[in-house]
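As a plain string of letters, each chain reads:
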Amino acid sequence: MFKGVLYIFLFLILGEVIVYLFNLSIAGNIIGMVAIFIALKLKVIKLQEVKAASDQFIKYMVLFFIPYGVGLMTFYDILKLHWIAIVVSTVISTILTLYVTGIILQKFGKNE
Amino acid sequence: MSEIYQLPLFGILITLLAFHFSKKIGSKWKFVLFNPVLLSVISIICFLVVFEIEFEAYNVGGQYLGFLLGPTVVALGVLFYEKYEQIKENIIPFVSAVIIGGTMSIISVCSLAIILGASEPIVRSIAPKSVTTPIALEIANTIGGVPYIAAGIVIAVGIFGNAFGPAILRVLGIKSKNAIGAALGTAAHGIGTARALDEGKLPGAYGGLAMCINGLLTAIITPYLVNLFLS
């Protein structure tokens, strides 16, 4: 478990270093996500070394974004002004995304 | 008394307490709006407003929890590897579906928001609305949006997809469970994927992988797409 946490932080730092060196406009943790996937695929690290730790992070993911949700309160005035545009555009766009993704896979994928 | 609020312990403790009780309520009564994140966020905001505590004071501790989203994104890469093994046979139609769906998400939400008169920071904040919160926060930061607004919208989209996604898809003629799983993961990230798991283990895997792929795709293309709309 400890080793897994260590690996995850190492890949996080690796991602940050890559972003810094190549001056990318993608966040370091996203590069870290790709890097750990490649490392697993190339068998540089083993799944069982990181699985326990990564499962814990994912299990408590929702807890970690609560502070950002609370931060919405500081934007009450802006939201009050724009709420119709926000609600209408996100609802329509979400339904469209659901449908487009679903219909493509249903039409072209192998299904049970 | 007000010194207590300035301690990191305060923000952490109140978040843990709110989350604990929200989870209890959520598991006791199966009702879509009793989502643990939604309940926690609303109860903490109410508490801060009633006791006249500034968000900044709460966030002295809150930011420590928020920091852990960084390693969580890396952990998603591990999840991605695990799920990838399960759906290899369908990988090309699946990845195409997620890429087209994910691109549609950004284009449609930006264009609709602009047509409806939303300001530029709002458009930049809601562009990554379909991807998992930690990635959406990073994207909003990178493209000049407001991470807090992005987080709020993303959570709301997730709850919407979780609550109504499967019903909407069935009405629109999507019967395949794997397709429903992929659609939920693409449009409504982890909170949608939780609902995909109700459809079965394999649809859950499709949802989880769709969430990872769309997160990566959106992180790469949003900076360019948004500049097409706002330049």
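The written sequence of each chain sets the order in which its residues are numbered from 1. Whichever chain is written first becomes A and whichever ligand is written first becomes 1, with later ones labelled in order. Owing to the predicted nature of the model, reporting of local features is limited to residues with pLDDT of at least 70; listing and counting of side-chain atom pairs is limited to 80 or more, with chain, interface and lining totals taken over all residues. Side-chain numbers here rest on the full set of heavy atoms in the structure, without hydrogens or water.

Things to note about the overall build of chain B
Item 1. Each helix and strand counted, chain B has 11 helices and 0 strands in total.
Item 2. Helices (α) and strands (β) of chain B occur, in sequence order from the N terminus, as α-α-α-α-α-α-α-α-α-α-α.
Item 3. What you see for chain B is a C-alpha radius of gyration of 18 Å, in line with the 17 Å of a compact globule of 231 residues.
Item 4. Relative to its full complement of 231 residues, chain B shows a buried share of 58%.
Item 5. Contacts were defined at the residue level, with two residues in contact if any of their heavy atoms lie within 4.5 Å. Of the contacts made within chain B by residues no fewer than 6 positions apart, 68% connect residues no fewer than 24 positions apart. Helix numbering and strand numbering both begin at the N terminus, where a helix is a DSSP run of H or I of at least 4 residues and a strand a DSSP run of E of at least 2. The size measure is the radius of gyration over C-alpha atoms, and the globule rule it meets is 2.2 Å times the number of residues to the 0.38 power. Categorising residues by exposure relies on relative accessible area from a 1.4 Å probe, with only protein chains included: less than 20% of the type maximum marks a residue as buried, more than 50% marks it as exposed, and the intermediate range marks it as partly exposed.

Section: the domain arrangement of chain B
Residues and elements named next belong to chain B.
Item 1. As used throughout, domain bounds are those supplied by an automatic or database domain assignment. Partitioning chain B into domains gives domain 1 (2-67) and domain 2 (71-229).
Item 2. One C-alpha centre belongs to domain 1, the other to domain 2; they are set 25 Å apart.
Item 3. Throughout, buried area stands for the accessible area (probe radius 1.4 Å) lost by two parts on being put together, summed over both. Counting the surface domain 1 buries against domain 2, the share from its top three residues, V32, N35 and V37, is 55%.
Item 4. The rule for a salt bridge is simple: a side-chain nitrogen of Lys or Arg has to be within 4 Å of a carboxyl oxygen of Asp or Glu. At the junction of domain 1 with domain 2, the criterion picks out 0 salt bridges.
Item 5. Polar contacts here mean pairs of N or O atoms no more than 3.5 Å apart (in protein, one a potential hydrogen donor and the other a potential acceptor; neighbouring residues in sequence count only if both atoms are side-chain atoms). On inspection of domain 1 and its partner domain 2, the count reaches 1 residue pair in polar contact (both at pLDDT 80 or more).
Item 6. Residue contributions to the side of domain 1 that touches domain 2 peak at 3 residues, all from helix α4 (residues 55-67).
Item 7. For this classification, the nonpolar set comprises Ala, Val, Leu, Ile, Met, Phe, Trp, Tyr, Cys and Pro, the charged set comprises Asp, Glu, Lys and Arg, and every other residue, Gly included, is treated as polar. When its residues are assigned to classes, the side of domain 1 that touches domain 2 shows 5 nonpolar, 2 polar and no charged.

Focus on the interface of chain A and chain B
Item 1. Of the residues lining the interface, 68 residues belong to chain A; the matching set on chain B comes to 93 residues.
Item 2. For the pair chain A and chain B, the summed buried surface comes to about 7,300 Å²; carbon and sulfur atoms form 81% of the total.
Item 3. With its nearest N and O atoms 2.9 Å apart, the salt bridge here joins B:E82 to A:K51.
Item 4. Put simply, chain A and chain B have 8 residue pairs in polar contact (both at pLDDT 80 or more) between them.
Item 5. Broken down by secondary-structure element, the contributors of at least two residues to the side of chain A that touches chain B are α1 (2-22), α2 (28-41), α3 (47-59), α4 (61-64), α5 (66-71) and α6 (76-108) of chain A.
Item 6. A per-element tally of the side of chain A that touches chain B places α6(A) first, with 25 residues.
Item 7. Class assignment for the residues of the side of chain A that touches chain B results in 44 nonpolar, 18 polar and 6 charged.

Notes on the packing of aromatic side chains
All names here are of chain A.
Item 1. Any two of the Phe, Tyr and Trp rings considered here, Trp counted by its six-membered ring, make a pair once their centres fall within 6.5 Å; the pair's planes then place it as stacked at under 30 degrees, edge-to-face at over 60, or tilted in between. One pass over the structure, following the stated rule, counts 14 aromatic pairs over all chains.
Item 2. Ring geometry for F9 versus F57: centroids 6.4 Å apart, planes at 65 degrees, classification edge-to-face. With F9 in helix α1 and F57 in helix α3, the pair connects residues that are 48 residues apart, well separated along the chain.
Item 3. F57 sits in the buried class, given a relative accessible area of 9%.

Examining the packing of α6(A) against helix α10 (residues 177-199) of chain B
The relative placement of two packed helices comes down to the angle between their axes together with the axis-to-axis distance.
Item 1. Comment: axis = line fitted to C-alpha atoms, over the contacting stretch for helices; angle = value between 0 and 180 degrees taken between N-to-C directions. It is at 8 Å that the axes of α6(A) and α10(B) come closest, and there the two elements cross at 145 degrees. Helix-helix and strand crossings are classified by hand; for α6(A) and α10(B) the assignment is right-handed. Of the residues in α10(B), those touching α6(A) at A:T94, A:T97, A:L98, A:T101, A:G102, A:L105 and A:Q106 are B:N178, B:A179, B:A182, B:A183, B:L184, B:T186 and B:A187.
Item 2. Considering only residue class, the contact of α6(A) with α10(B) consists of 7 nonpolar, 7 polar and no charged. Throughout, a crossing is termed right-handed when the near helix is turned clockwise from the far one, and left-handed when it is turned anticlockwise from it by less than a right angle.

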